[in-house]
Amino acid sequence: MEQKSLLQMLSSIIQELESNGQWGTAHVYRSAYNAFELFVRRRDIPFAKLTPALLKGFEIHLRERKCSWNTVSTYMKVVRATYNRAVEEGSAAYVPRLFRHVHTGVSSQRKKALDAADMGGLLGTGEKRENALPAGLEYTRNMLRLMFLLRGIPFVDLAYLHRSDIQDNILRYRRRKTGRQLTVILTPEARRLIDKVANRNADSPYLFSFLSSPEGTEEAYREYQRALRSFNRRLAALREYLGGATPISTYTIRHTWATMAYYCEIHPGIISEAMGHSSIAVTETYLKPFRDDRIDDANRAVISFVKRKAKRKTPSESGRP
């Protein structure tokens, strides 16, 4: 068996991802590479020395650097995927339950969605004047509206949409994260918004003007990153202009759509299909904080019911003379 090291294998995978035009995934792998390299002080680690204790040390190191649990999970998954690939290629020996004691799940401690009233304010529900906002913020709100109407479409999928993805008032696109193909029947409002904010460059294949470089190139990925940062800044400016207190980003729109669907008592399986999640477990992660809320509401209702019944009891019913 040809023994390889973790950083050596990671570097090889990063090069492969970049050559395939998978710039987003390559960026995540490079971030994990840099974090692990810092942890081991630039000393490469043979797979034979990859132990549960070392991995736990890496987890502690990441937390000491103030990384969130989700970042810890992402980096651990990268290390695990690299290790699994080395095992498949015969470059590392299989060690049962090697990653058992480190965090590889998804934490959902903080709510990322808005309530219906706040989302309605951002959408401009009930406003009489369509052009009540400055032009730049009106464009931002129109894009926010469109993302919500398209079932909380992720910004990355929105940015990469092509004109050809719309046929006969039906939008068909493939999730860049999961590869699942989604079909959305465009409502009249969604159709009007698309016509309003669509790319005016007739020579561009893209439906919107976030990108100009050919898809699959590093420059297109860098354009997407710049567009994402810019759009999140504009969303923050829109929230401040409208007087909102809750932070908002492109993720907020997606989480809010899922949450509103849940409050409308739509089954999580249907929400999962609508959002193109890889599994219903991902959807459950989105909804967990709000399920906790509904459980708490149910608990309060039960307690209130019991108290009301107790107050209505007559002395004879309670057994007192």
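Refer to the preceding data block for the structure.
Conventions adopted
Residues numbered from 1 in each chain as written. Predicted model: local features only at pLDDT ≥ 70, side-chain atom pairs only at ≥ 80, totals over all residues. Heavy atoms only, no water. Core = buried A, V, L, I, M, F, W, Y, C linked by side-chain atoms within 4.5 Å. Buried < 20%, exposed > 50% of the residue type's maximum accessible area, 1.4 Å probe, protein only. Helix = DSSP H or I, 4+ residues; strand = E, 2+ residues; numbered from the N terminus. Contact = heavy atoms within 4.5 Å. Pairing = 2+ DSSP bridges. Axes fitted to C-alpha atoms, helices over the stretch in contact; angles between N-to-C directions. Parallel < 35°, antiparallel > 145°, perpendicular 65-115°, else oblique. Nonpolar A, V, L, I, M, F, W, Y, C, P; charged D, E, K, R; others polar. Salt bridge = Lys/Arg side-chain N within 4 Å of Asp/Glu carboxyl O.

Caption draft 1: Here's a closer look at the nonpolar core. Leu144, Phe155, Leu158, Phe208, Phe210 and Tyr224 are the most contacted members of the largest nonpolar core, which totals 53 residues. Ranked by residues supplied to this core, first place goes to helix H9 (residues 218-242) with eight residues. Residues contacting Phe210, with those up to four places away along its chain left out, are Tyr139, Met143, Phe155, Leu158, Ala159, Glu223 and Ala227. Leu6, Ile13, Leu17 and Tyr29 belong to the second largest nonpolar core, which has 33 residues in total.

Caption draft 2: Broad picture of the pairing of strand S3 (residues 181-185). In S3, alternate side chains face the same way, and those of Leu182 and Val184 are buried while those of Gln181, Thr183 and Ile185 on the opposite face are not. Two elements, strand S2 (residues 170-174) and S3, share five bridges in a ladder whose sense is antiparallel. Bridge assignment links Leu171 to a residue of S3, and that residue is Val184. Adjacent in sequence and paired antiparallel, S2 and S3 are bridged by six residues, among which Gly179 carries a positive phi angle near 80°.

Caption draft 3: Seen up close, the sheet that holds strand S1 (residues 166-167). Read from one edge to the other, the open sheet built from three strands follows the order S1-S2-S3, with strand pairing classed as antiparallel. With one partner strand each, in any of the chains shown, S1 and S3 form the two edges of the open sheet.

Caption draft 4: Structural view of the packing of helix H6 (residues 135-149) against H9. Direction vectors running N to C along H6 and H9 enclose 105°, while the axes themselves pass 9 Å from each other. Classed by the angle they form, the pair H6 and H9 counts as roughly perpendicular. Contact residues: H6 offers Leu137, Tyr139, Thr140, Arg141, Met143, Leu144 and Met147, while H9 offers Phe231, Arg234, Leu235, Ala237, Leu238, Tyr241 and Leu242. For the contact of H6 with H9, the class distribution of residues is eleven nonpolar, one polar and two charged.

Caption draft 5: Quick peek at the pattern of salt bridges. Under the counting rule described, the total for this entry stands at 13 salt bridges. We note a salt bridge from Arg30 to Glu18, for which the minimum N-O separation is 3.3 Å. Linking Arg30 in helix H2 (residues 23-39) with Glu18 in helix H1 (residues 6-19), this pair joins segments that are twelve residues apart in sequence. Among the residues examined, Arg30 registers a relative accessible area of 37% and is labelled partly exposed. A residue is classified by how much of its surface remains accessible, and Glu18, at 27% relative accessible area, is partly exposed. Between Glu37 and Arg42 there is a salt bridge; the shortest N-O distance is 3.5 Å. Residue Glu37 is classed as buried on the basis of its relative accessible area, which comes to 17%. Residue Arg42 is classed as exposed on the basis of its relative accessible area, which comes to 66%.

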